[in-house]
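Geometric and topological summary
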Amino acid sequence: MTARATREALGDEILELGKKHQDIFVIDCDVAKSCKTLAFAGQLPEQHLNVGISEQNAVGIAAGLATTGKVPFVVTYAIFGSMRACEQIRQEVCYTKLNVKILCSHGGLTPANDGASHQCIEDMGVLRTIPGMTVIMPADYASARKLIAESYAYNGPVYLRFTRDAVPCIYDEEETFEIGRAKRLREGKDLTVFANGDTLSIALKAAEVLEEEGIAAAVYDMHTIKPLDQAAVLQAIHGSGRIITVEDHNIINGLGSAVCEVAAETGKGRVVRIGVQDRFGESAPYEELLKLNGITVENICEKARELMRG
């Protein structure tokens, strides 16, 4: 299985979209090299702005461009795009329902050795609480390209989160994606695993191990955190009633919380959340950071066994 960083998809897809659609503008925050938008800047300079290290200003400019019919894509790191510019996203983009896209690389623990200051574990939770915001995390290169294209076609604010490091390629380039609709990758009658982003490949490996033990685990790619595919969650609740969520994000207010909200309103089922354990990251290899937080094949399998035991 090959691996590619989803930030590479950001750069490749935005360039292709920009060539086809002159209403697209990329607004960089002086991280074009890291976020892979140098090619866009070089080939489409009239559709590109580098505003420097000023994320709040970038969002304000994007909002202004959106009022003129342009489709601006603000590109920066997740830690800065989601929190440093949070007020501007709320007030100037979501409150006014403007067609602005926020594309952020270096999400979750993938910045690894850069440490806690660059590891954004709160972003999807912060932004999913803002009315009108759509929140997406693709699982691999191919899905990232398709979901970026879908976000362009989608009228309204969208936040997309990408990885710095390479993640396994799961989908082929012919796969289709719909914002707000999960993709079921494995069938299973005993329990259901909902994962997204860089954790989906881990969840799929865990399901293979469990299958060898006689436990059939369904696996879904819940690429859209908001709007959540409630139908998929309800199917799992009314089926086995056993659910595990896996995410490279704080277990508070992320994918796990979103699934728990649906389960709580039904009064049925049990949900086990696997993710960053409400702690800041630290400088360490990415795999070690996942292990510290239990985001591993082994831990998913152990939680599955516990659920099966009741």
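Every value quoted in this text rests on a predicted model; they were computed, and no experiment measured them. (Residues numbered from 1 in each chain as written. Predicted model: local features only at pLDDT ≥ 70, side-chain atom pairs only at ≥ 80, totals over all residues. Heavy atoms only, no water.)

1. Looking at the overall build of the chain
Within the chain, the regular secondary structure consists of 13 helices and 14 strands. Each of the three principal axes of the chain carries a C-alpha extent, and together these read 60 × 40 × 35 Å. Going through the 310 residues of the chain one by one, you find that 58% of them count as buried. The long-range share in the chain, meaning contacts at least 24 apart out of those at least 6 apart in sequence, stands at 79%. (Helix = DSSP H or I, 4+ residues; strand = E, 2+ residues; numbered from the N terminus. Buried < 20%, exposed > 50% of the residue type's maximum accessible area, 1.4 Å probe, protein only. Contact = heavy atoms within 4.5 Å.)

2. A short note on the nonpolar core
Formed by 107 residues in total, the largest nonpolar core has its most connected members in Ile89, Tyr159, Phe194 and Ile244. The element contributing the most residues to this core is helix H9 (residues 200–212), with seven residues. The residues touching tyrosine 159, leaving out its near neighbours within four places in the chain, are Ala78, Ser82, Ile102, Cys104, Asp123, Met124, Leu127, Met133, Thr134, Val135 and Ile136. (Core = buried A, V, L, I, M, F, W, Y, C linked by side-chain atoms within 4.5 Å.)

3. Some points on the sheet that holds strand E4 (residues 71–77)
Across a sheet, paired strands are connected by hydrogen bonds in the backbone, their directions being either parallel or antiparallel. Across the sheet, seven strands lie side by side as E3-E2-E4-E5-E7-E6-E12; this open sheet has mixed pairing. Lying at the two open borders of the sheet, with one neighbouring strand each, are strand E3 (48–50) and strand E12 (224–226). Pairs of neighbouring strands in the sheet enclose a mean axial angle of 20°, with direction left out of account. (Pairing = 2+ DSSP bridges. Axes fitted to C-alpha atoms, helices over the stretch in contact; angles between N-to-C directions.)

4. Examining the sheet that holds strand E13 (residues 242–250)
Strand order in the open sheet made by the five strands is E9-E11-E10-E13-E14, with mixed pairing throughout. Only two strands of the sheet have a single neighbouring strand rather than two, namely strand E9 (183–186) and strand E14 (270–276). Direction aside, the axes of adjacent strands within the sheet are offset by 25° on average. Judged from the five bridges that link them, strand E10 (residues 191–195) and strand E11 (residues 217–221) form a sheet pairing that is parallel. In the sheet register, phenylalanine 194 faces E11, and the bridge partner there is tyrosine 220. The strands touched by helix H11 (residues 255–266) are E10, E13 and E14; relative to E13, the strand with the most contacts, the crossing angle is about 145°.

5. Some words on the packing of aromatic side chains
Counting across every chain of the model gives three aromatic pairs. Ring geometry for tyrosine 171 and phenylalanine 177: centres 4.8 Å apart, planes at 85°, overall edge-to-face. With relative accessibility at 9%, the residue tyrosine 171 sits in the buried group. We classify phenylalanine 177 as buried; its relative accessible area is 8%. Pairing phenylalanine 194 with tyrosine 220 gives two aromatic rings, centres 5.1 Å apart and planes at 35°, and the pair type is tilted. Here the residue phenylalanine 194 occupies a position in strand E10, and tyrosine 220 occupies one in strand E11, the gap between them amounting to 26 residues. Here phenylalanine 194 and tyrosine 220 have matching classes, each one buried. Across from the ring centre of phenylalanine 177, 5.1 Å away, lies the NZ or CZ of lysine 183, which sits over that ring. (Phe/Tyr/Trp six-rings, centres within 6.5 Å; stacked < 30°, edge-to-face > 60°. Lys NZ or Arg CZ within 6 Å of the ring centre and 35° of its normal.)

6. Examining the environment of serine 201
Summarising the element assignment, serine 201 is placed in helix H9. A relative accessible area of 9% means that serine 201 is categorised as buried. As for serine 201 and valine 297, which are separated by 96 residues in sequence, their C-alpha atoms are 9.5 Å apart. Excluding residues that lie within four positions of it along the chain, serine 201 makes contacts with Pro168 and Ile170.

7. A short note on the pattern of salt bridges
Taken as a whole and judged by the stated rule, the model has 18 salt bridges. Residue glutamate 302 is joined to arginine 305 by a salt bridge in which the shortest nitrogen-to-oxygen separation is 3.3 Å. With glutamate 302 and arginine 305 both in helix H13 (residues 297–309), this residue pair falls three residues apart, about one helical turn. Connected via shared salt-bridge partners are Glu213, Glu302, Arg305 and Arg309. (Salt bridge = Lys/Arg side-chain N within 4 Å of Asp/Glu carboxyl O.)

8. Re the pairing of E14
Alignment of E13 against E14, held across six bridges, turns out to be parallel. Each residue of the ladder has a partner; that of isoleucine 243, found in E14, is valine 271.

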